[in-house]
Every structure is written in structure tokens, then in C-alpha cells.
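If you want the building blocks of each chain, they are given just below.
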Amino acid sequence: MTSTAQLTGPALTDLVVTVYRETLGVAELDENSDFYEWGGDSLSAFRITARLEETLGVEVPVALVFAYPSPADLSSVVESDLVQV
């Protein structure tokens, strides 16, 4: 588990981008890429949240991936709503 204090802003966004890339198998995906446009589905959303939960040590509801489909948007919500609680 990584310390959440170390993962804010760009570092957290980079982590989320990496998780999206690995989960969706798309190396060219960036922080503004859309989960749906790159073939995301419910199983991959669960994989993304499980990986983030494992790494960050906080609960990340799967609904957030659907509501905030880009890594930039998701990392912003995770940082503001979950990590800084």
C-alpha cells in the first residue's frame, strides 16, 4: 500500500493513468482519455477500483469510474472526496 499523502495532484493522476493503461491494455491512453472510448466495461471498472483501493488503502466505489470516466476526472474526485477525508 502506498501512502495517500504522497499521492496527490499529478502523482495521483499518473497512478490512475497507469491503472487505466494496464487494465484496458492501451499504452497510448492519457489523463484525458475516456474509459468508454477505450473499451471500458463493468469488469474493467471493478478491476480499476480494486487496484486503486489496494494501492491507496481507501475505498473507491466502482460508480465513480462510470461517473468520472477520464483518469484526470477520477483522480480529482478520489483526491478531494476520499484521500483527503
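Summarised in this report is the structure supplied together with it. (Residues numbered from 1 in each chain as written. Predicted model: local features only at pLDDT ≥ 70, side-chain atom pairs only at ≥ 80, totals over all residues. Heavy atoms only, no water.)

Notes on the overall build of the chain
Helix and strand counts for the chain stand at four helices and zero strands. For the chain, the succession of helices and strands along the chain, N to C, is α-α-α-α. The buried share of the chain, taken over its 85 residues, is 40%. Intrachain contacts of the chain at a sequence separation of at least 6 include 56% that bridge at least 24 residues. Counting every atom, the chain has about 4600 Å² of accessible surface; 49% of that belongs to carbon and sulfur. (Helix = DSSP H or I, 4+ residues; strand = E, 2+ residues; numbered from the N terminus. Buried < 20%, exposed > 50% of the residue type's maximum accessible area, 1.4 Å probe, protein only. Contact = heavy atoms within 4.5 Å. Areas by Shrake-Rupley, 256 points an atom, 1.4 Å probe, with all protein chains shown as cover.)

Digging into the nonpolar core
Within the largest apolar cluster, 22 residues are counted, with the highest numbers of intra-cluster contacts made by Y20, I48, L52, L56 and L74. At the level of secondary structure, the elements contributing two or more residues to this core comprise helix 1 (9-24), helix 2 (42-56), helix 3 (63-67) and helix 4 (71-83). Sort the elements by how many residues they give to this core and helix 1 lands first, with six residues. The contacts of L74, once residues within four sequence positions are left out, are V16, Y20, I48, L52, L64, V65 and Y68. (Core = buried A, V, L, I, M, F, W, Y, C linked by side-chain atoms within 4.5 Å.)

Description of the side chain of T13
Structurally, T13 is set in helix 1. Here T13 is in contact with E31, A72 and S75, once residues within four sequence places are set aside.

Quick notes on helix 1
Along its 16 residues, helix 1 runs 22 Å from first to last C-alpha, staying within 8% of the 22 Å computed at 1.5 Å per residue. All buried positions along helix 1 are accounted for by L12, T13, L15, V16, V17, V19, Y20 and L24. The first or second residue beyond helix 1 is G25, which carries a positive phi of 70 degrees. (Expected span 1.5 Å × (residues − 1).)

Things to note about the environment of W38
Turning to its location among the elements, W38 is positioned in the loop between helix 1 and helix 2. Not counting chain neighbours up to four residues away, the residues in contact with W38 comprise L24, V26, E28, L29 and S33.

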